[in-house]
Amino acid sequence: MQIYQQALQLKERRRGFHLITADVVYALPQIGQLKTGILQVFIQHTSASLTINENADPTVRHDFETYFSKAVPENDPDYLHDDEGPDDMPAHLKAALLGSSVMIPIRNGKPALGIWQGIYLCEHRDYGGPRNLMITAWGE
Amino acid sequence: MQIYQQALQLKERRRGFHLITADVVYALPQIGQLKTGILQVFIQHTSASLTINENADPTVRHDFETYFSKAVPENDPDYLHDDEGPDDMPAHLKAALLGSSVMIPIRNGKPALGIWQGIYLCEHRDYGGPRNLMITAWGE
Amino acid sequence: MQIYQQALQLKERRRGFHLITADVVYALPQIGQLKTGILQVFIQHTSASLTINENADPTVRHDFETYFSKAVPENDPDYLHDDEGPDDMPAHLKAALLGSSVMIPIRNGKPALGIWQGIYLCEHRDYGGPRNLMITAWGE
């Protein structure tokens, strides 16, 4: 078995949900050498997250932002952690709900995603800046 | 180290939460050859998901459906993605909240689950059809 | 590639969110031997969970407890599973929302966490008792 790892910095994106499947696969071309394996993508931040969802209709990504902004409200007077602005504590909570990594099986040199699946960068801050990922793949 | 991978199609199940631990373990008998390893199960869909929870009392699975149907409402007038029916956009959101994969350590040829833990297929569509999994295990 | 695995029992902690990064790394010193790899931490329970979030300001962990206790209410009359007390069914739901495992890339013998990231034990029961983890790391 082999293991490959590559850091990737994503440019700043606006608050919301963004497809990054192609960026990830392009950053680690050794995925193509693995007949059977796993791809893991990890985000090194606590106010942005990663998930897998619909890769076609952009209204799905719009509705993700609508839903999560309602489900995790800003300006809850019970929050103690509010020094960094009203979007900060909700960003930490959304990151925990969605998760800091995704894992995808590799089959015949490609991520074995379903036909409608893509990797989302979930940017929860109004101005989150560039985001750092670590991409790891292993297998044979 | 060795790695094994097997596709598995689950028959259609009704909307709700279903125990599939036995189906997964049966589909990849090579788990039994691994003294130390990891089992990953991935679902290739964006409107169904996987999680780990209580494997005994069926009321827990019933209450999961109750909770998630309240927490992620249908027919929110703010949703833009509503062409595929009222259960569609909530299904995408629930799938992201629960996740598209589970990972379980393997110890002495068996998944090292806690005594009350089982793998749930979370079917979020009213009529979701069969669901495709990819099961991967590695270790030595 | 090598794989290492170690069980770890955490002492009982009060309901809430607790940093356990140092406990995990201390329990599996072979992490230090891996130049490139992955660390997985799994919790063998269905009423406690693991996540990754802010490791500095303790008010973040306080606000996690505030948020999740509101988002997953106790004493919903629609719950059927209520024999083990009002905190039991919400604990199962919170565990599913947050997840039973975390995965972190290893680089140069250390978990490649972002500067503000730490591993949280999320204790959802009022009196959860000690909690059992399985820690696995692989790589080369």
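So, how was this worked out
Residues numbered from 1 in each chain as written. Chains lettered and ligands numbered in written order. Predicted model: local features only at pLDDT ≥ 70, side-chain atom pairs only at ≥ 80, totals over all residues. Heavy atoms only, no water. Helix = DSSP H or I, 4+ residues; strand = E, 2+ residues; numbered from the N terminus. Rg over C-alpha atoms; globule rule 2.2 N^0.38 Å. Buried < 20%, exposed > 50% of the residue type's maximum accessible area, 1.4 Å probe, protein only. Contact = heavy atoms within 4.5 Å. Areas by Shrake-Rupley, 256 points an atom, 1.4 Å probe, with all protein chains shown as cover. Lys, Arg positive; Asp, Glu negative; His and termini not counted. Charge placed at Lys NZ, Arg CZ, Asp CG, Glu CD. Least-squares fit on C-alpha atoms with pLDDT ≥ 70 in both.

1. A few points about the overall build of chain A
Here is step 1 of the chain: Summing up its helical and strand segments, chain A has three helices and eight strands in all.
Here is step 2 of the chain: Ordered by position from N to C terminus, the α and β elements of chain A give β-β-α-β-β-α-α-β-β-β-β.
Here is step 3 of the chain: Relative to its length of 140 residues, chain A is compact, with a C-alpha radius of gyration of 16 Å against a globular reference of 14 Å.
Here is step 4 of the chain: In terms of principal-axis extent, the alpha carbons of chain A reach across some 50 × 30 × 20 Å.
Here is step 5 of the chain: Across the 140 residues in chain A, those meeting the buried criterion constitute 64%.
Here is step 6 of the chain: Contacts in chain A between residues at least 24 apart in sequence constitute 83% of all its contacts with a sequence separation of at least 6.
Here is step 7 of the chain: Accessible surface computed for chain A: about 5,400 Å², of which carbon and sulfur atoms make up 49%.
Here is step 8 of the chain: Charge-centre separation for chain A: the mean point of 12 positive side chains lies 11 Å from the mean point of 17 negative side chains.

2. Some points on the relation of the copies chain B and chain A
Here is step 1 of the chain: Mapping chain B onto chain A calls for a screw motion: a turn of 120° about the axis and a shift of 0.0 Å along it, with 0.0 Å RMSD after fitting. Within this description, the copies of the chain are treated as partners about a three-fold rotation axis.
Here is step 2 of the chain: The two copies present different faces, since only 12% of the interface residues in chain B are matched by interface residues at the equivalent positions in chain A.

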